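# Chain and residue survey
Residue-level listing of the chains:
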Amino acid sequence: MNTGNNDNKRHWENIYETKGEKELSWFQPYPDTSVEFLGLFKLPLTAHIIDIGGGDSHLVDVLLDKGYQNVWVLDISANAIERVKKRLGERAGKVHWIVSDITEFEPPVQFDFWHDRAAFHFLTSEEKINKYVSIAENAIKQNGYLVLGTFSEQGPRKCSGLEIKQYSETSMSARFEVAFKRIKCTETAHPTPFGTIQNFLFCAFQKK
Ligand SMILES: C[S@@+](CC[C@H](N)C(=O)[O-])C[C@H]1O[C@@H](n2cnc3c(N)ncnc32)[C@H](O)[C@@H]1O
């Protein structure tokens, strides 16, 4: 088990220990944008799909409902993963769970679809961003898909009290263009449980 930067891990363990899902700004009862992208890819039910920084997102529930058989969820917080396992009950046994800092992840398989909503944008140093990009490049199969959701340049500057890096279509594509071709990007307005709006940018890429 990789735990990575201890302060960062402690921050996220504390969040998932002390706050309910509706107290989290990123909470979505249904991950509609992510599911729309999934629909574009027409993946077989045997596809290996990983949600990076999945937290207690309901994307895993949707993937299981749709019948996907090789679903993975990675998060730095063991508390987050325990929460989703509890929610899923018996169905949790069908999922591969990984507690790790993404920048220290050593993927045991290659993935057909790598999804990340609001985890990549917490990486603010060149070193960590480059590590993430290199891990994703190696972990995604040829012709496999990558979907990244981050705050856009119209979005907040912080998330969960931490500095984040905002992206535009151009700046996100520039990070991944060596190994991926861009399929499409879309901006979305996420309504938080507190009645505010957060502007996200989602881009889909395909591994060359
Ligand atoms: C803003 S939340 C988004 C959660 C989920 N993706 C969603 O859309 O509901 C960010 C998530 O990324 C996780 N995270 C933050 N930094 C991470 C890192 N370096 N490695 C792995 N997970 C990380 C946090 O624990 C948290 O669950």
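Everything quoted here is computed from the prediction, not taken from an experiment. (Residues numbered from 1 in each chain as written. Predicted model: local features only at pLDDT ≥ 70, side-chain atom pairs only at ≥ 80, totals over all residues. Heavy atoms only, no water.)

### Concerning the site of the ligand
- Not every one of the 19 residues close to the ligand is listed here, only the nearest: Tyr 16, Gly 53, Asp 75, Ile 102 and Arg 117.
- The side chain of Tyr 16 places a nitrogen or oxygen atom 2.6 Å from an oxygen atom of the ligand.
- A distance of 2.8 Å separates a nitrogen atom of the ligand from a polar backbone atom of Ile 102.
- For the ligand, the accessible surface in isolation is 600 Å², of which the surrounding protein chains cover 98%.
- The set of elements that each furnish at least two residues to the shell around the ligand consists of α1 (6-18) and β2 (70-75).
- Of the residues forming the shell around the ligand, the biggest block, 3 residues, is contributed by α1. (Near = heavy atom within 4 Å. Polar contact = N/O pair within 3.5 Å; in protein donor to acceptor, adjacent residues only side chain to side chain. Areas by Shrake-Rupley, 256 points an atom, 1.4 Å probe, with all protein chains shown as cover. Helix = DSSP H or I, 4+ residues; strand = E, 2+ residues; numbered from the N terminus.)

### As for the packing of α1 against helix α4 (residues 78-88)
- Here α1 crosses α4 at 35 degrees, and the two axes come no closer than 7 Å. Residues Lys 9, Glu 13, Tyr 16 and Glu 17 of α1 form the contact with α4, whose own contacting residues are Ala 78, Asn 79, Ala 80 and Arg 83. (Axes fitted to C-alpha atoms, helices over the stretch in contact; angles between N-to-C directions. Contact = heavy atoms within 4.5 Å.)

### Remarks on unusual backbone geometry
- A positive phi angle, near 65 degrees, is found at Ala 118, a position not held by glycine.
- By the secondary structure assignment, Ala 118 is in the loop between β4 (111-117) and α5 (126-139).
- We classify Ala 118 as buried; its relative accessible area is 11%. (Buried < 20%, exposed > 50% of the residue type's maximum accessible area, 1.4 Å probe, protein only.)

### Some points on the state of the cysteines
- Per the counting criterion, the structure on display carries 1 disulfide.
- Disulfide partner of Cys 185: Cys 203, at an S-S distance of 2.1 Å. Between Cys 185 and Cys 203, the S-S dihedral sits near 110 degrees, and the bridge is therefore right-handed. Residue Cys 185 is found in strand β8 (residues 180-191), and its partner Cys 203 is found in strand β9 (residues 197-207); the two are separated by 18 residues along the sequence. Across this residue pair, the class does not change: Cys 185 and Cys 203 are buried.
- No disulfide involves Cys 159; its nearest neighbouring cysteine sulfur is the one of Cys 203, lying 18 Å away. (Disulfide = S-S within 2.5 Å.)

### What to know about the side chain of His 58
- With respect to the helices and strands, His 58 occurs in the loop between β1 (48-52) and α3 (59-65).
- Side chain to side chain, His 58 and Arg 87 meet in a polar contact 3.5 Å long.
- If we skip the residues at most four places from it in the chain, His 58 touches Glu 21, Phe 27, Gln 28, Pro 29, Pro 31 and Arg 87.

### Quick look at α4
- Listed in full, the buried residues belonging to α4 are Ala 80, Ile 81, Val 84 and Leu 88. Down the axis of α4, the sector holding all buried residues measures 95 degrees, keeping them to one side.
- The opening residue of α4, the one whose side-chain oxygen lies 3.2 Å from the backbone nitrogen of Asn 79, is Ser 77. (Arc of directions from axis to C-beta.)

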